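Report on the structure
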Amino acid sequence: MKKFIALCALVLGFNANAALINLSLDNIDVNVGDEVTLTIEATGLVDIASFQFDLLFDASMFSYANDGMGNAFLDSSDLFGALSFGAFDNGTGLGFGFVDFMPLTGDVLVASIKFTALAAGSFDFGLANALFSNSSFEDVAVDLAQSVSVRANANAVPEPAAWALMLLALAGLTVARRKQVK
Amino acid sequence: MKTKLTVLSAAILASMHSLPVAANNLILTGVIDGPLTGGVPKAIEIFVPQDIADLSRCGVGSANNGGGTDGQEYTFPAVAVSAGTFLYVASESTGFTNFFGFAPDFANVSAVNVNGDDAIELFCDGAVVDTFGEISWASSPSWAHTDGWVYRVSDTGADGSEFVPSNWEFSGKDALDGQTDNASAVIPFPSKTFTIGTVDPEPVVERLIFSEYVEGAGGNNKAIELYNAGTSAIDLSSYQVLLYINGSTTAGTTLSLSGSLEAGQTYVIANSGSIQEILDKANITSGVTNFNGNDVLELRKDGELVDSFGQVGNGADFAKDVSLVRNQGIITGDTDSSNAFSYSDEWTNLGTNVFSDLGRHHGDDSGEPPVSGLGQCGDSATLISAIQGEGDASPLLNQSAIVEAVVTASFPNLRGYFVQEEAADQDANGNTSEGLFVYTNSSTGLPVEGTLVRVMGNVAEFYNKTQLAQSEAALDCGAAAVSPAVVSLPFANASSAEALEGMLVTFEQNLTVTDNYNLGRYGEVTLSNGRVYIPTNLHLPGSAEAQALAAQNTLNRILLDDGVSGQNPVNVIYPTGGLSASNTLRTGDMVTSLTGVVDYNFNEYRVVPTQAPTFVQANARTAAPELAQGNLKIASLNVLNFFNGDGQGGGFPTARGADTAQEYTRQLDKLVSALVAMDADIIGLMEIENDGYGGNSAIAQLVAAVNARLGEARYAFVNAGGPIGTDAIAVGMLYDTTSVELVGNALINTDAVFSRPPLAQRFLGKDSLGELTVAVNHFKSKGCGGASGADQDQNDGQGCYNASRVAQAQTLTAWLQSEPSLSKDKDQLIIGDLNAYAKEDPIMALGSAGFTNLISEFVGATGYSYVFGGQAGYLDHALASSNLLAQVLDVTEWHINADEPRILDYNTEFKSATQVNDFYAPDAYRVSDHDPVIISLQLNREPVRGDWDGDYDVDRNDVNGLIRAIAKKEQIDMAFDLNEDGIVNVKDAQVMMSLCNLNGCRVL
């Protein structure tokens, strides 16, 4: 990821101090049923009293821990102590909202969320509709990272006869890699 | 003609007792515009009821051609006049003398150079004491008597400065045309016939006279007949007949009478030696008839001489061999038996040995031609239906007619009686009335109901009432009966009532009292079939339904008359027991049995009851307004010109309100009673004196009086800083300090469109913690003074100034919806006297602006706050903004005023000393002419800004709710656009944080 950040810094060299929301995945190639952790970080914040933004993804392709009423359970965040902070299903992914007495400054882990891939395919996570406000109610410019993608591979489910053949074939081999199915 | 003027020297004048000149000291009794060349005589007749020492205190003026008073133009000379004198003031002398046969008392007085349409005013001590005619008029008046005369009805006057048409008899225009003198005129000026009596009933005068004397030739055929020429039966036991023989001065024979003699009947005393023909007619035989032609007779009552025949002491023959009948018209006896007697003075000689006339005295059929032409009962007569005709006026106008019909009612107060044709004599034409009023100009001697009478008189129209002016006493033709015609309202068409004029009618409906405006003034109320409503209260102006209802209303009314002429009756006889403050007759009350005769006076058909009508209090008073109780109550009341003088007991009469301190106190006590009973939290007032808010102001003293009655300083007034606008009256607002608080300042709108600027104030209800804005109004009235252009009457039923009222409505709503502080509060209530009925344009304009007519919603079609011309509707309104509408629980009109007779209000004018007390009570009823409107609200608590979860506070729960809704992209009410940038986003959550009630947005 650092390579990614450095790339961004190169591209936006003259804005090195602007606020930025960054996305990163811990795994970009998984099987269906596997988990990926998405991390959202905000850097370069100066006096942010409130913000809102959308995390766009196809919610039918991923599941995440929630309270059953659309409130996502975030795995970790620096903002749990705020007056009001949360991520909510809004039909386009998750909508994030934050407001607190103490404005944010510097770098902040907004959230890390564990998603479980539900289907095979290539899926994007993106950011949009960001509004950041300082304690004087002024809009603060924020750069949004480009979207990230994860590939979910379908799990092969062979015919029983073929499986038996495979076992036989492997019986003689000494190298066996076991896949864990989570 | 003797007059009793005496010209006295100043010294004698000074020594004479000088009576205070009150309004009764000169009475104008007649005006004549003559037919001789030059329009003469032009004169007035004046009656002097009490001695006047110096007539120069009085004078005359005429207001020519309706141009207003010319003041006192002529002053009488300083002469003394005595009670009972008639004075004549004429424009010249010759014509008057030629016409009347005597000279006027005051000639060449230009002030009486009148033409029949000029009003006459009599002055004494500089004030008008009597009046004929209206001093100002725009078009030729109905009382004009060009070439005719007017004469005051006996026992009326003086009328002060007010012309009272019902106190005058009119000859009609041109009644004297072609006449050369009064004595021979067809309708002569009834000079010197005015009488003014006392309130005591006229004493019954007994008139027993000698009516016939028979002294037969040869034999003893002698008789003397007595006649009761009076109007009631005579007890004969007080009377004696005395015979003086051969010049003796002491009576030789005395007969004491006994028994009773009915009016118009004869009593025959015959000589026992008379032939059978005489004896058959004798009531008694007696030796008092032993006269021979030179013997004198006396009739005495209790020793007092009441009639005589002959000269006591004179023994010469004077009535021998003759049958003498006393002339018709002689009704008083010769009370001097000592003077010379000649029978030809008062008696007619029927001849010798004529006995056939005994037992009757004139008026009986006998083959003798009747002296008067009246004929006998059963002779031909004119049918009443022919006299009445199909139209308003009689086809036999000014002709003499004889009518034979049944007396249905006699009314001494109306100086006449009603007759109706027997069933057999009624025609089949429903358009011709079978009844007729017979005017006798006398309150005594009227025939009894249930009598068939034969009466002769002139057919006349008295202000469109067909009547017969009786020319001589009617004949009694026996008992008879007619059935009343059954009538129901509404009448079928405009001529239905005319077909009943003069007839006995009965109503089988229960009738509703729909107008009592003149109950105190004339003793009359209007009756209708059910309640009558203003057409534009129920239907759009100009619509077919409105026009149809207006037409229906004119057919759905008849007056209930008290049968007494004149105004301000001492006894208002309706309802049963007489009117008083505790015995009222409200519109909406009912008459459940009514039988009487239909009369027509002052352009109205009336029923004069022949049996006391039955009244039912179907619309009884209520002690307090009745409506569901919410958490806030608002009232609106027009207080009918509440002016308090200078606030320190002086300053009366006021410009528009009380004329005396006493009237003010009476008005104040009633108003305090009404306000206390309404028990409202906010009260809007109209027609309060526009004198600001100082300690002596009307509103300040009203509030002080209310609080004094309550025993606590509960109410306060909304202070707009000073007088509102420039009208003499203004709107105002009171509020209960224990239940509401003011929010912000009072606001007024001084836009020139308003006659009386509206006043708006925002309130917080302490109980509900809700807020609302009340705007109190008084739109321009419907009176036409000064109206021009579109404000003139458009003949659509809305009266004048409708255009102004619409503009006022539009300006009001624009103000409420755009003025910065007013428009913030969406709960707005418009109240006040808008001078527009429910369906009229101004109310429709308020509806178009989003304000709902609450009376229409909660009371409906039977709502009213005002009665005008016998029609009910509401000019007093309550309209709610759409936001407030859902919080309105109930609305009512408290009917304490519009239904009550105005004579029960605080005023003291036109009331006798007894009535000033009996017609007043310090209660709420008739405190005004408008009813109050009461609105009951269940006001919602005022929403707290930033309160997301509706628990009337702002804490972290609300912040979380907003953040969540923003993140979830939910539709959010713009009430949460707390920074008012047109969008709801996290910045508004930032603002919400600052609204939290507790630190850290803690939850309580």
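Criteria and thresholds
Residues numbered from 1 in each chain as written. Chains lettered and ligands numbered in written order. Predicted model: local features only at pLDDT ≥ 70, side-chain atom pairs only at ≥ 80, totals over all residues. Heavy atoms only, no water. Salt bridge = Lys/Arg side-chain N within 4 Å of Asp/Glu carboxyl O. Helix = DSSP H or I, 4+ residues; strand = E, 2+ residues; numbered from the N terminus. Contact = heavy atoms within 4.5 Å. Buried area = accessible area lost by both parts, 1.4 Å probe. Polar contact = N/O pair within 3.5 Å; in protein donor to acceptor, adjacent residues only side chain to side chain. Core = buried A, V, L, I, M, F, W, Y, C linked by side-chain atoms within 4.5 Å. Buried < 20%, exposed > 50% of the residue type's maximum accessible area, 1.4 Å probe, protein only. 1 Å grid on protein atoms, 1.4 Å probe; cavity = no way out; pocket = protein on both sides within 12 Å on 5 of 7 lines; lining within 4 Å. Points joined across faces, edges and corners; volume = space filled by probe spheres on them. Nonpolar A, V, L, I, M, F, W, Y, C, P; charged D, E, K, R; others polar.

1. Concerning the pattern of salt bridges
Within the structure shown, the criterion is met by 31 salt bridges over all chains. Between Asp-75 of chain A and Lys-114 of chain A there is a salt bridge, and its shortest N-O distance comes to 3.5 Å. Placement of Asp-75 of chain A in the loop between strand E4 (62-64) and strand E5 (84-89) and of Lys-114 of chain A in strand E6 (residues 93-117) is noted, with a sequence separation of 39 residues between them. Glu-840 of chain B is paired through a salt bridge with Lys-782 of chain B; the nearest N and O atoms lie 2.7 Å apart. With a gap of 58 residues between them, Glu-840 of chain B in the loop between strand E43 (828-833) and helix H12 (841-848) and Lys-782 of chain B in the loop between strand E42 (771-778) and helix H10 (802-818) connect regions that are remote in the sequence. Connected via shared salt-bridge partners are Arg-531, Arg-586, Arg-621, Asp-899 and Glu-900 of chain B.

2. Quick notes on the interface of chain A and chain B
Taken residue by residue, the interface counts 28 residues in chain A and 18 residues in chain B. Roughly 1800 Å² of surface becomes buried between chain A and chain B when both sides are summed, with 62% attributable to carbon and sulfur atoms. Per-residue buried area on chain A facing chain B is highest for Leu-83, Phe-88 and Phe-137 of chain A; these three make up 30% of the total on that side. With its nearest N and O atoms 2.4 Å apart, the salt bridge here joins Lys-969 of chain B to Asp-54 of chain A. Seen at the junction of chain A and chain B, the total is eleven residue pairs in polar contact (both at pLDDT 80 or more). For the side of chain A that touches chain B, the elements supplying multiple residues, two or more each, are strand E3 (35-56), E5, E6 and strand E7 (121-134) of chain A. Top element by residues in the side of chain A that touches chain B is E6 of chain A. It accounts for seven residues.

3. Looking at the nonpolar core
Soluble, globular proteins show a tendency: their nonpolar side chains are buried together. Ranked by internal contacts, the top residues of the largest apolar core, which has 65 residues, are Leu-702, Leu-772 and Ile-935 of chain B. The element that contributes the greatest number of residues to this core is helix H8 (residues 661-678) of chain B, accounting for seven residues. Once residues within four sequence positions are removed from consideration, Ile-935 of chain B is found in contact with Leu-627, Leu-632, Lys-633, Ile-634, Leu-829, Ile-831, Leu-854, Ala-878, Val-888, Asp-890 and Val-891 of chain B. Counting 41 residues, the second-largest nonpolar core is a separate cluster that includes Ala-19, Leu-74, Phe-115 and Phe-132 of chain A.

4. Here we look at empty space enclosed by the protein
Gaps left between atoms show up when a probe the size of a water molecule is rolled over them. Residues and elements named next belong to chain B. Applying the stated criterion across every chain yields a total of three cavities of 30 Å³ or more. Lining the largest cavity are 13 residues, and of these Ile-688, Glu-689, Gly-692, Tyr-693 and Val-731 lie nearest its centre. Looking at the lining of the largest cavity, the elements with two or more residues in it are strand E37 (682-689) and strand E39 (729-736). Examining the composition of the lining of the largest cavity, we find that three residues originate from one element, E39, more than from any other. Residue composition of the lining of the largest cavity, grouped by class: seven nonpolar, four polar and two charged. Taken together, the residues of the lining of the second largest cavity sort by class into four nonpolar, two polar and no charged.

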